[in-house]
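Listed below are the residues making up each chain.
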Amino acid sequence: MASSAHRNGTSKGAPKPLVSNTKSSSFKSRLHPSQSSGAVLRRSSFGQNAAAAAGDDGVPGRVRVAVRLRPRNAEELVADADFADCVELQTELKRLKLRKNNWDADTYEFDELLTEFASQKRVYEVVAKPVVESVLDGYNGTVMAYGQTGTGKTFTVGHLGDDDTSARGIMVRAMEDILADVSLETDSVSVSYLQLYMETIQDLLDPANDNITIVEDPKTGDVSLPGATLVEIRDQQSFVELLRLGEAHRIAANTKMNTESSRSHAILMVHVKRSVGGGDDAFSSETDSSSHLVKPMKPLVRKSKLVLVDLAGSERVHKSGSEGHMLEEAKSINLSLSALGKCINALAENSAHVPVRDSKLTRLLKDSFGGTARTSLIVTIGPSPRHRGETTSTVLFGQRAMKVENMLKIKEEFDYKSLSRKLEIQVDKLIAENERQQKAFDDEIERINQEAENRIAEVERSFAEALEKERLKCQMEYVEAVKKLEEKMVSNQKKHDRDSFPNGKCNGEVPGTSTSEEVTEIKRLLQNETQLRKTAEEEVNKLNSRLENFMQSMAGGDAETVKVHRILEDEAQKKRKLEEEISILQSQLLQLTLEADQTRRYLDRCGSGNAFAGLDSFVSQMRHSQVKESVNGHKAPMATLFEHVGLQKILSLLESEDANTRIHAVKVVANLAAEEANQEKIVEAGGLTSLLMLLRSFEDETVRRVAAGAIANLAMNEANQELIMTQGGISLLSMTAADAEDAQTLRMVAGAIANLCGNDKLQRKLRSEGGIKALLGMVRCGHPDVLSQVARGIANFAKCESRSSMQGMKAGRSLLIEDGALPWIVQNANNEAAPIRRHIELALCHLAQHEVNAKDMIGGGALWELVRISRDCSREDIRNLARRTLNSSPTFRAEMRRLRIEC
């Protein structure tokens, strides 16, 4: 539809404005609107602009109504040439006379009367400019045009004025004033352009968006349209281009009343966000009844909305000639306008119930009539006496609208983004200052520790030297004393031998006396030595006490020295623990060797003979090789097993009654199964059946763990996977997963199921026998190795599902999603462990490749993880896969457009 032409033809002329007046009493009823409606006056504190524009009647926020008269068009000039106009405007008195006949007329008073000569500029200044100024001050505002079809509503509100700038309508002029007043560096202006067609809200800027829902805040009651296109405006030219685009998409038709009759209500929403300095503004506290002013120190932002509405014209079918689909359009237009009239009647009469929900139009205009917005209504009428009934209905609508009062409120909130930026700068400064102080503190602590260590080393060295000197002195004295005693004893002994025997019996008493004296002398010398030893010990104790006193003084004067000692003690403790662990490992190695000897002796007694001797030798070799493997990183060779012990003999030992024999045998089978060359021989010899029997019949945790590991090794071969499934392996693994508590057992079971998840042919059976549920159940363990195997299994399963879907072999939702795996996948998509994160990222990408999973993934939050993977994943192949998946899915693309996400 051409937006540059007048909707009713350019030959009708441009109306002229007149001076504004806010008097609103009805001459016909001779009562003030507030008196006739019985409404209680509501007052609100708002800005100077709003207070000044409240009107002479002193009712703040009342809906202001202006009437604009259209000049006669070419048809009326011919058809009504012999008849006078049915409308007479008395602009000085703000009165409108509506003639019934040549001698009788009804008189009405309005806020403004605009004759057929009023210009577009005067219309804007009288009707819309006060509302625009209020919007710039932080209030919501509405300007709406109402009237019969063909009376010039679209020309008044939405005319672009491409050929004649003086013919620009309210929309263009309002945006000029808004852009001239705001600062684009700190403020923002954005618009949405919609049409309400057949009770469906459609986006004029995006025709594909043809069913926008209305969202109402349950707390505040505010109405919003989150699905509408919102475009930020930086200059006037881009805004005009948007209007031209919207007018091209708006629905219009040719009727008898109007060649370009609008078949929808057009709604332009202008959102203005302005930053306000917190220290400069003062406002009255709405929650405090006191009159003092509060000066907020935090930065504020004011959010306001200007709604410009070009209503479709009311029409009578017998006059417009509408039929078929146009008749349905006319019915829808008249119904929505009727619902609007009912709401205005209820508000004017102060009714307890206002039927806002009867139409989407009334829901959208909920804030404009009886809400918090400042509203101006321009009523357009024609002069023709043939349409006196429609003109009367339009005038009465304007009279009722003048009785509606709104509670104007500024929409202010803290500017958290600006405040956050300031706080981030302060935090950065504080962090830098803290790091500088911490470095200085660490340097000072290091210096003090070094001084303390030097002093301690010096004291210890002095003490050791003094103690060594004292010890040497005591030793020398002791040695000298002992030497003297020995010499004296030798001389006495010689003397005694020389004197005692020759003299015979008569001289027997003399030697006895001499010996007694010698013993007394020896006792005296021993007492002297003991006294010297005690003296030396007392000296040593004194030195020790002096050292302890010195250490206590050091501890009392310098706590950091004690801290250093504690750290040294902790290190020594750790060293002792490591030495103990090494001793334990050595004892375990010795124990393993002893167990091997005991097993050999047992089998010798049972008649196993040389066969088990070979097995025992191999087990011992394998255990020693495991110890060497942790040191050298090399595995013991397994190829020599069949040369020492036959495979049938090893498998027969799996059924042994002796627990140690059974454990040794299953370990050997597990190690053999790790080599692909041995797997076929083990399966052919019945090894798989024996391993499954162990899982079914034995409760020993070691047997179950090693058996599950052997099955996991066999499951790496695709030829063995169907055999495992046929023999009930999944059921047994699922039961083991439910019963086991050991993390290593769960890791082996999860690894076996993960290998089976990679087979396309087994997906349905794997799921039906509880394989997926078993995988998800094992996450209760929380061990990283178990979680890694679970994630690998889910990734394998998702990859097979994706491949089957692309080949057309599978339809419907993913079995993983049906079994409830999606929440765990999303929760662990950014796991700290790299293996878990990599598998989960692959699983998400494979699930997203099937379009039928898209809605579930969006609802479960997986879209955000896919976007993160496409941006931040460390592996380029996964990152590219995520991008391709997002770009190839229409559902994901639509949701990303709605959320304003760019991949």
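These numbers were taken from a predicted model, which means no experiment stands behind them. (Residues numbered from 1 in each chain as written. Predicted model: local features only at pLDDT ≥ 70, side-chain atom pairs only at ≥ 80, totals over all residues. Heavy atoms only, no water.)

Engineer: Looking at this model, I keep getting lost on the pattern of salt bridges. Mind explaining?
Structural biologist: For the structure shown, the criterion picks out 29 salt bridges. Here Glu818 ties to Arg767 by a salt bridge, and the two come within 3.3 Å at their closest N and O atoms. Pair noted here: Glu818 is in helix H28 (residues 815–818) and Arg767 is in helix H25 (residues 763–768), with a separation of 51 residues, a long-range link. Judged by its relative accessible area of 37%, Glu818 falls in the partly exposed class. The salt bridge partner of Arg868 is Glu841, with a shortest N-O separation of 3.8 Å. Taken as a pair, Arg868 in helix H32 (residues 862–872) and Glu841 in helix H30 (residues 834–848) lie far apart in primary sequence, 27 residues in all. In this pair, the class of Arg868 matches that of Glu841, namely buried. Connected through salt bridges with shared partners, the residues Glu216, Arg357, Arg363 and Lys366 form a single ionic network. (Salt bridge = Lys/Arg side-chain N within 4 Å of Asp/Glu carboxyl O. Helix = DSSP H or I, 4+ residues; strand = E, 2+ residues; numbered from the N terminus. Buried < 20%, exposed > 50% of the residue type's maximum accessible area, 1.4 Å probe, protein only.)

Engineer: Explain the nonpolar core to me, please; I cannot follow it from the model alone.
Structural biologist: As a rule of thumb, soluble globular proteins bury nonpolar side chains together. Among the nonpolar cores identified, the biggest contains 87 residues, and Leu691, Met778 and Leu844 are the most heavily contacted of them. The residues contacting Met778, other than those within four sequence positions of it, are Ala737, Leu746, Val749, Ala750, Ile753, Val786 and Val790. In this structure, Ile333, Leu361, Leu364 and Ile381 belong to the second largest nonpolar core, which totals 44 residues. (Core = buried A, V, L, I, M, F, W, Y, C linked by side-chain atoms within 4.5 Å. Contact = heavy atoms within 4.5 Å.)

Engineer: Quick question: what am I supposed to make of helix H24 (residues 743–756) here?
Structural biologist: Helical periodicity: at 3.6 residues per turn, an α-helix aligns residues three or four positions apart in one direction. The end-to-end C-alpha distance of H24, which contains 14 residues, comes to 20 Å, matching closely the 20 Å that a straight helix rising 1.5 Å per residue would cover. Regarding H24, the residues found buried are Ala743, Thr745, Leu746, Val749, Ala750, Gly751, Ala752, Ile753, Ala754, Asn755 and Leu756. Tucked inside the fold, the buried residues of H24 contact helix H21 (701–714), helix H22 (718–726), helix H23 (729–739), H25, helix H26 (771–777) and helix H27 (784–806). N-capping of H24 is provided by Asp742, with a side-chain oxygen placed 3.3 Å from the backbone N of Gln744. (Expected span 1.5 Å × (residues − 1). Polar contact = N/O pair within 3.5 Å; in protein donor to acceptor, adjacent residues only side chain to side chain.)

Engineer: Honestly, the sheet that holds strand E4 (residues 105–109) in this entry has me stumped. Any pointers?
Structural biologist: Strand pairing within a sheet occurs via backbone hydrogen bonds; the two strands may be parallel or antiparallel. Taken together, the 3 strands give an open sheet; going across it, the order is E2-E3-E4, and neighbouring strands pair in antiparallel fashion. The sheet is open, and its two borders are formed by strand E2 (87–90) and E4, each paired with just one other strand. Strand-to-strand, the axes of this sheet are offset by a mean angle of 20 degrees, without reference to chain direction. One ladder, built from 5 bridges, connects strand E3 (residues 95–99) with E4; its direction is antiparallel. Pairing of Arg99 across the sheet is with Ala105, part of E4. (Pairing = 2+ DSSP bridges. Axes fitted to C-alpha atoms, helices over the stretch in contact; angles between N-to-C directions.)

Engineer: Can you help me understand unusual backbone geometry in this one?
Structural biologist: In this model, Met198 sits at a positive phi of 55 degrees, which is unusual for a non-glycine residue. Within the element layout of this structure, Met198 appears in the loop between strand E7 (188–197) and strand E8 (200–203). Although it is not a glycine, Glu199 adopts a positive phi angle of roughly 60 degrees. For Glu199, a relative accessible area of 30% translates into the label partly exposed.

Engineer: I would appreciate a short explanation of the packing of H21 against H24 in the present structure.
Structural biologist: The interhelical angle for the contact between H21 and H24, taken along N-to-C directions, is 25 degrees, at an axis separation of 8 Å. Relative to H24, H21 is oriented roughly parallel. Between H21 and H24 the crossing geometry is left-handed. Where H21 approaches H24, its residues Glu701, Arg705, Ala708, Gly709, Ile711 and Ala712 are matched on the opposing element by Gln744, Thr745, Met748, Val749, Gly751, Ala752 and Asn755. Its residues assigned to classes, the contact of H21 with H24 comprises 6 nonpolar, 5 polar and 2 charged. (Parallel < 35°, antiparallel > 145°, perpendicular 65-115°, else oblique. Left-handed = near helix turned anticlockwise from the far one by under 90°. Nonpolar A, V, L, I, M, F, W, Y, C, P; charged D, E, K, R; others polar.)

Engineer: Would you mind showing me how to read helix H33 (residues 876–888) here?
Structural biologist: Taking 1.5 Å of rise per residue, 13 residues should cover 18 Å, and H33 covers 18 Å from first to last C-alpha, within 8% of that figure. Taken together, the buried positions of H33 are Ile878, Arg879, Leu881, Ala882, Thr885 and Leu886. Buried residues in H33, looked at end-on, bunch into an arc of 160 degrees, giving them a common side. Exposed side of H33, more than 90 degrees from the buried face: Glu876, Arg884 and Ser888 are the residues found there. (Arc of directions from axis to C-beta.)

Engineer: Explanation requested: the side chain of Thr372 in the structure shown.
Structural biologist: Here Thr372 is to be found in the loop between helix H10 (360–364) and strand E18 (374–381). On the basis of relative accessible area, Thr372 is assigned to the buried category, the value being 16%. Within the local environment of Thr372, its side chain forms a polar contact with the side chain of Asp367, the two groups lying 2.8 Å apart. Not counting residues up to four positions away in its chain, the partners in contact with Thr372 are Asn140, Asp367, Met407, Leu408, Lys409 and Lys411.

Engineer: Help me understand the pairing of E4, please; the structure alone is not making it clear to me.
Structural biologist: Remark: a regular strand shows side chains that alternate across the two faces of the sheet. Counting buried residues along E4, 4 of its 5 residues qualify, which places the element largely inside the surrounding structure. Where E3 folds back on E4, the antiparallel hairpin that results is connected by 5 residues.

Engineer: Could you clarify how one ought to interpret the environment of Ala128 in this entry?
Structural biologist: Here Ala128 lies in helix H4 (residues 120–136). Beyond its immediate chain neighbours, meaning those up to four positions away, Ala128 contacts Val123, Val143 and Ile170.

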